[in-house]
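Close look at the chain arrangement
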Amino acid sequence: MFGDRDVLSTNHHVFRAGVSRRLALLMASLLTLSLCAALTLTSSNLTPKAHAASWNEIWNDEFSGAASSAVDSQWQFDLGTGWGNNQVETDTNSTANIYQDGNGHLAIKAINTNGSWTSGRIETVNDSFAAPAGGELEVTASIQLPNVTGAAAQGYWPAFWMLGTPIRSGGVWPGIGEIDAMESVNGTNVEYGTLHCGVNPGGPCNETSGLGGNTPCSGTTCQGGFHTYTVIVDRSTSPEEIRWYLDGTEFWHVASNNPGMDATTWANAVDHSFFIILNVAMGGYWPGGPTSATQSGAHMDVDYVRVYTANGSVSTSGPGSGLYTVANRYSGLVLDDTGWSTASGTLIEQWTQGSGQANQQWSVMPTGEV
């Protein structure tokens, strides 16, 4: 709250396991498309989805508390006003403003009392959410935005976002990094995703605006139903990148080689841990202040927040330097030599990963055949 994607070159590596030349050529083609230990074996006309089944869920809140209960100890309250954005609400720890509804949701409600607005802002106590070196971090939430539009929505500013953990030990914004997974203002049917980094004003992230993209919700509006908002920090690619998804479809990305981006700024903003923030602001420099027509009592509902990590890509110091398991990005299943055979023509298929099974291990070798 506060560029065309590069395609990796794999130099036409192929996998060899004593199987037929035809299989080797097929594997080379597949690996050329993706050398991220996450081969896409599905049809190329399918829209890629954000979350891979093979990832590990490391944290979640399903908001299963009793009606009108406070959030649990995984969260801490941010109390106060302004927040550097000229917001007019006072954020409280009252269950009038922030509570579980008894139906599996968190609600954050903005209330106007005689011209004074109150609302809620919480952040995770856990601030260790990071993409491992060579791996990925996914942070995702199912959210319905405050169900108010038009003049009645003036000033509403709901958000689901992350701040770099160094800010808790004296780090300075925006250098410590801010990743806005979802923001929306004034009841419009638009989600915004943004990276903040570097210095303010200006710098590689064009502060104070940041590097951002946006997209409308479809099916139902962002205010009319729940949608899934996801951000992935991907350190398994070169260049590294951050991708934003709405309902599983990518709509924006920023890479470490974006024009004007330097390695130090990127590392300081991205290559460390984060914590998560949920809030409904009222007013501020972006949406403008609420008016007499702004409706009191609209709330953002959160069905869940989940965090996943995945190990990194296939990475070698040279062809043939190791053995690897090759996982399908969408199913989580791995390439499997079904007959534990070295014979040509052996059937290779997707299968559940075993523990150290030699028939699921592959090497990377150079070839001039593709």
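Anything mentioned here points back to the structure above.
Structure report, in brief.

Some points on the overall build of the protein
- Each helix and strand counted, the protein has 2 helices and 26 strands in total.
- Expressed as a percentage of its 370 residues, the buried residues of the protein come to 50%.
- Surface summary for the protein: the accessible area is close to 15,500 Å², and the carbon and sulfur share equals 50%.

Thoughts on the nonpolar core
- Counting residues in hydrophobic clusters, the biggest one holds 53 residues, and the most contacted among them are I143, F160 and L278.
- With 5 residues, strand 20 (residues 274-282) is the largest single contributor of residues to this core.
- Beyond its immediate sequence surroundings of up to four residues, I143 is in contact with F160, M182, G225, F226, H227, Y229, L278, M300, D301 and V302.

Topic: the state of the cysteines
- All told, the structure shown has 2 disulfides when counted by the stated rule.
- Here C197 engages in a disulfide with C205; their sulfurs sit 2.0 Å apart. Across the S-S bond of C197 and C205 the torsion is about 105°, and the bridge reads as right-handed.
- Paired through a disulfide, C217 and C222 show a sulfur-sulfur distance of 2.1 Å. In this structure, the disulfide formed by C217 and C222 twists by about 95° around the S-S bond and is classed as right-handed.
- Exposure remark for C222: the relative accessible area of 0% places this residue in the buried category.

Notes on the pairing of strand 18 (residues 241-246)
- Counting buried residues along strand 18, 6 of its 6 residues qualify, which places the element largely inside the surrounding structure.
- Here strand 18 shows no split at all, with E241, R243 and Y245 on one side and I242, W244 and L246 on the other all buried.
- Note that strand 17 (residues 227-234) and strand 18 share 6 bridges and pair antiparallel. The residue bridging T230 from the neighbouring strand is Y245, located in strand 18.
- Following strand 17, the chain reverses through 6 residues before pairing antiparallel with strand 18.
- Note: strand 18 against strand 19 (residues 249-255), 6 bridges, orientation antiparallel. Residue pairing across strands places I242 opposite V254, the latter belonging to strand 19.

Notes on the side chain of R121
- One can find R121 in strand 11 (residues 121-124).
- By relative accessible area, R121 is classed as buried at 7%.
- Within polar-contact distance, the side chain of R121 engages the side chain of D78 at 2.9 Å.
- If we skip the residues at most four places from it in the chain, R121 touches Q76, F77, D78, W83, D91, W161, I277, L278 and N279.

Details of the sheet that holds strand 10 (residues 116-119)
- Ordered by their spatial adjacency, 4 strands build an open sheet running 5-6-10-9, and the pairing between neighbours is mixed. The sheet is open, and its two borders are formed by strand 5 (80-82) and strand 9 (111-113), each paired with just one other strand. Taken pair by pair, the neighbouring strands of this sheet meet at an average axis angle of 30°, ignoring direction.
- Bridging between strand 6 (residues 87-91) and strand 10 involves 2 bridges; their strand directions are parallel. Looking at the pairing, D91 lines up with S119 of strand 10.

Notes on the pattern of salt bridges
- All told, the structure shown has 9 salt bridges when counted by the stated rule.
- Linking D78 and R121 is a salt bridge whose minimum nitrogen-to-oxygen distance equals 2.9 Å. Within this pair, whereas D78 is found in the loop between strand 4 (75-77) and strand 5, its partner R121 is found in strand 11, the two being separated by 43 residues in sequence.
- Between R243 and E136 there is a salt bridge; the shortest N-O distance is 3.2 Å. Taken together, the positions of R243 in strand 18 and E136 in strand 12 (residues 136-144) put the pair 107 residues apart, joining distant regions of the chain.
- Connected through salt bridges with shared partners, the residues E136, D234, E241 and R243 form a single ionic network.

What to know about the side chain of R235
- Residue position: R235 is located in the loop between strand 17 and strand 18.
- Within polar-contact distance, the side chain of R235 engages the backbone oxygen of A131 at 3.3 Å.
- At a separation of 3.2 Å, a polar atom in the side chain of R235 contacts the side chain of D271.
- When residues no more than four places from it in sequence are discounted, the contact partners of R235 are A131, P132, A133, G134, G135, E240 and D271.

Criteria and thresholds
Position numbers for residues start from 1 in each chain and track the written sequence from start to end. Two thresholds apply to this predicted model, a pLDDT of at least 70 for residue-level local features and 80 or more for giving and counting side-chain atom pairs, whereas whole-chain, interface and lining totals are computed over all residues. Here the side-chain values reflect all heavy atoms present in the structure, with hydrogen atoms and water set aside. Where helices and strands are cited, they refer to DSSP runs of H or I of at least four residues and of E of at least two residues respectively, numbered from the N terminus. Note on exposure labels: buried denotes an accessible area under 20% of the residue type's maximum, exposed denotes more than 50%, and partly exposed covers the range between, all computed with a 1.4 Å probe on protein chains only. A 1.4 Å probe and the Shrake-Rupley method give the accessible areas. Residues count as covered only by the protein chains that appear here. The set of buried Ala, Val, Leu, Ile, Met, Phe, Trp, Tyr and Cys residues whose side-chain atoms join them within 4.5 Å is what this entry labels a nonpolar core. Here a residue-residue contact requires only that any non-hydrogen atoms of the pair lie within 4.5 Å. Here, two cysteine sulfur atoms that lie within 2.5 Å of each other are counted as a disulfide. Note on pairing: two strands pair once DSSP finds at least 2 bridges between them. Between N or O atoms, a polar contact is any pair within 3.5 Å; within protein, one atom must be a potential hydrogen donor and the other a potential acceptor, and residues adjacent in sequence are included only when both atoms are from side chains. What counts as an axis is a line fitted to C-alpha atoms, over the stretch in contact for a helix, and the angles between N-to-C directions run from 0 to 180 degrees. A side-chain nitrogen of Lys or Arg and a carboxyl oxygen of Asp or Glu constitute a salt bridge if their distance falls within 4 Å.

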